[in-house]
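Residue strings, one per chain:
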Amino acid sequence: GDVYKRQDSDEENASSPSAKLKAGRAHSKAGSTVSRTSRKAMTMIGYTPVQPEVRRKTCDYIKRWLNSNALSSSIQHFPQDLIKEHGRQLNELIQFLSGKILFAPPPPNAGGSIPGKDEDPDESFRKRFETLLTELTKYGAMLNTIRPEQLLSEDEYKRFFKKWKHLAGDAGQRFPYLSEEAWITLFFQIMKIFYLRRVTPAGFKALASIPASEKVLPPPNSSNIYSDSEIILLKWLEFHYNQQNDMQHRTLTNFESDLQDSLVFAAVIKSYCKNVRGLVNLKTMCKSPEDYKSNAQKITFTLKNELQLRTHITEEDILDPSAREMVLFCTQLFLYLPYYLPVSYTHLRAHETSLQLVCRLLLEKKNNSNTV
């Protein structure tokens, strides 16, 4: 069914993937009591901080996504490697996603300015980040929680605050948390405006695998929980799951618990890749952690080995899902699977020319679409 607008509590709305993408902040599952350490941290930065383990997991996910999809040279640590190069990889990411150049960081050794005559290098770097944030905001990014100086290195950050002695205070203590959160927010906002928005009503309605009767979407901006692109993703996944499971229909309402057993992913993969061999003997009723793990392993193995998809996803991402991270994975599937062709099909047959190969592939693709 469709996900329509309904009134929910602020707490529920804040937990939606759209809200998380907009806020750019992972929300920890805090208990009813606040520890003394948490109170101290909250006093220091102004709000309850995200737990270190959640931030570590998010940074590892982002590193894997960048290395698998966007960067020409792999990074080892996020955001440290980006900070060292003053955001050079951001330019590569934005160009990969949109073809645009919004940010041109200086060469590695640029910045030997003369005090009192030229602008100091720290301020030059800060202004470049400020320009980037301004440009991204024009495209719809929600970046009001980020200050450009939070994207600098720790030494540059401290020198910036030394210029404003009345603001210095505990700036050094706050930096590690604020910097990591700023870079996480920046990444997910870039992904929202240049990647998630590739999922459009026009693209959904053009899918040959879905009948016209199933392509009816709610009016734009009709949900106060999900963006239009997220609604399309849920509807796309739900259609293919229900098509593969006539007797056990589901209504998908979230990107976490509804996808955790991997059966929805298996269904959408089978819809487009009918001859996959890795998705057999799936646990249709997951009753133990081992059942969930077995299904997740088969999904990741099939994607990486049979379909040869360059994906960042791991079984741990599926077993312990984060909504905004799963949205990115679902987006990758939406953009890839409808155009999948088995590798073996691309081999020339005996006495077949390259032109004949192309014609055969197009004809087979058309026939497969007509038989769905």
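Residues numbered from 1 in each chain as written. Predicted model: local features only at pLDDT ≥ 70, side-chain atom pairs only at ≥ 80, totals over all residues. Heavy atoms only, no water.

Glancing now at the overall build of the chain. Summing up its helical and strand segments, the chain has 17 helices and zero strands in all. In the chain, buried positions account for 48% of the 372 residues. Considering only contacts within the chain whose residues lie at least 6 apart along the sequence, 64% involve residues at least 24 apart. A total of about 19600 Å² of accessible surface is found on the chain, and carbon and sulfur atoms cover 52% of it. (Helix = DSSP H or I, 4+ residues; strand = E, 2+ residues; numbered from the N terminus. Buried < 20%, exposed > 50% of the residue type's maximum accessible area, 1.4 Å probe, protein only. Contact = heavy atoms within 4.5 Å. Areas by Shrake-Rupley, 256 points an atom, 1.4 Å probe, with all protein chains shown as cover.)

Overall, the coordinates contain 16 salt bridges when judged by the stated rule. For the salt bridge of Lys 158 with Glu 154, the shortest nitrogen-to-oxygen distance reads 3.5 Å. Of this pair, Lys 158 and Glu 154 both sit in helix α8 (residues 154-162), four residues apart, which is roughly one turn of the helix. Of the residues examined, Lys 158 reaches a relative accessible area of 38% and is grouped as partly exposed. (Salt bridge = Lys/Arg side-chain N within 4 Å of Asp/Glu carboxyl O.)

Viewed as axis vectors pointing N to C, helix α12 (residues 228-244) and helix α13 (residues 263-272) meet at an angle of 80 degrees, and their least axial separation amounts to 8 Å. The orientation of α12 relative to α13 falls into the category roughly perpendicular. Along its contact with α12, which presents Trp 236, Leu 237, His 240, Tyr 241, Gln 243 and Gln 244, the element α13 presents Leu 263, Val 264, Ala 267, Val 268, Lys 270, Ser 271 and Tyr 272. Classifying every residue of the contact of α12 with α13 gives eight nonpolar, four polar and one charged. (Axes fitted to C-alpha atoms, helices over the stretch in contact; angles between N-to-C directions. Parallel < 35°, antiparallel > 145°, perpendicular 65-115°, else oblique. Nonpolar A, V, L, I, M, F, W, Y, C, P; charged D, E, K, R; others polar.)

What follows covers α8. In an α-helix, one turn spans 3.6 residues, which is why side chains three or four residues apart end up on the same side. Those residues of α8 not exposed but buried are Glu 156, Tyr 157, Phe 160 and Phe 161. Burial along α8 is one-sided: seen end-on, the buried residues are contained in an arc of 135 degrees. Along α8, exposed side chains directed more than 90 degrees from the buried face belong to Asp 155 and Lys 162. (Arc of directions from axis to C-beta.)

Right, let's get into the nonpolar core. One finds Trp 236, Phe 255, Phe 265, Ile 269, Leu 303, Leu 333 and Leu 337 to be the most contacted residues of the largest nonpolar core, which totals 46 residues. For this core, the secondary structure elements donating two or more residues are α12, α13, α14 (289-306) and α16 (323-336). Setting aside residues up to four positions removed in sequence, Leu 337 forms contacts with Trp 236, Val 268, Ile 269, Tyr 272, Cys 273 and Leu 307. In this structure, Leu 132, Leu 143, Leu 186 and Met 191 belong to the second largest nonpolar core, which totals 38 residues. (Core = buried A, V, L, I, M, F, W, Y, C linked by side-chain atoms within 4.5 Å.)

Between α12 and α16, the shortest axis-to-axis distance is 10 Å and the interhelical angle comes to 65 degrees. Seen along the crossing, α12 lies across α16 with a hand that is left-handed. Across the interface between the two elements, Glu 230, Ile 232, Leu 233, Trp 236 and Leu 237 of α12 pack against Val 327, Cys 330, Thr 331, Leu 333 and Phe 334 of α16. Each residue belonging to the contact of α12 with α16 can be placed in one class, and the counts come to eight nonpolar, one polar and one charged. (Left-handed = near helix turned anticlockwise from the far one by under 90°.)

For the rest of this paragraph, the subject is the environment of Leu 178. You can see Leu 178 is positioned in helix α10 (residues 171-194). You can call Leu 178 buried: its relative accessible area is 13%. Between the C-alpha atom of Leu 178 and that of Arg 147, which follows or precedes it by 31 residues, the distance is 9.3 Å.

Locating Leu 66 in the fold gives a position in helix α4 (residues 52-69). The spacing of Leu 66 and Gln 89 is 23 residues in sequence and 9.0 Å in space, taken between C-alpha atoms. Dropping the residues within four chain positions of it, Leu 66 is found in contact with Leu 71, Ile 75, Phe 78, Leu 93 and Phe 187.

So, on to the confidence of the model for the chain. Per-residue confidence for the chain averages 80 on the pLDDT scale, and 72% of its residues sit at or above 70. Every residue in residues 110-116 is under pLDDT 50, and counting partners more than four places away or in other chains gives six contacts. Counted against residues more than four places away or in other chains, residues 343-348, with its pLDDT under 50, gives 13 contacts. (pLDDT = per-residue confidence, 0-100.)

All right, on to the packing of aromatic side chains then. Applying the stated rule across the entire model yields 13 aromatic pairs. Between Phe 129 and Trp 183, the aromatic rings sit 5.9 Å apart at their centres with planes inclined by 85 degrees, giving edge-to-face as the arrangement. You can see Phe 129 sitting in helix α7 (residues 121-138) and its partner Trp 183 sitting in helix α10, a full 54 residues away along the chain. Just as Phe 129 is buried, Trp 183 falls in that class too. An aromatic cluster is defined as three or more aromatic residues linked by ring pairs; in this entry it consists of Trp 65, Phe 78, Phe 187, Phe 188 and Tyr 195. If you follow Arg 250 out to its NZ or CZ, it ends over the ring of Tyr 241, 4.6 Å from the centre. (Phe/Tyr/Trp six-rings, centres within 6.5 Å; stacked < 30°, edge-to-face > 60°. Lys NZ or Arg CZ within 6 Å of the ring centre and 35° of its normal.)

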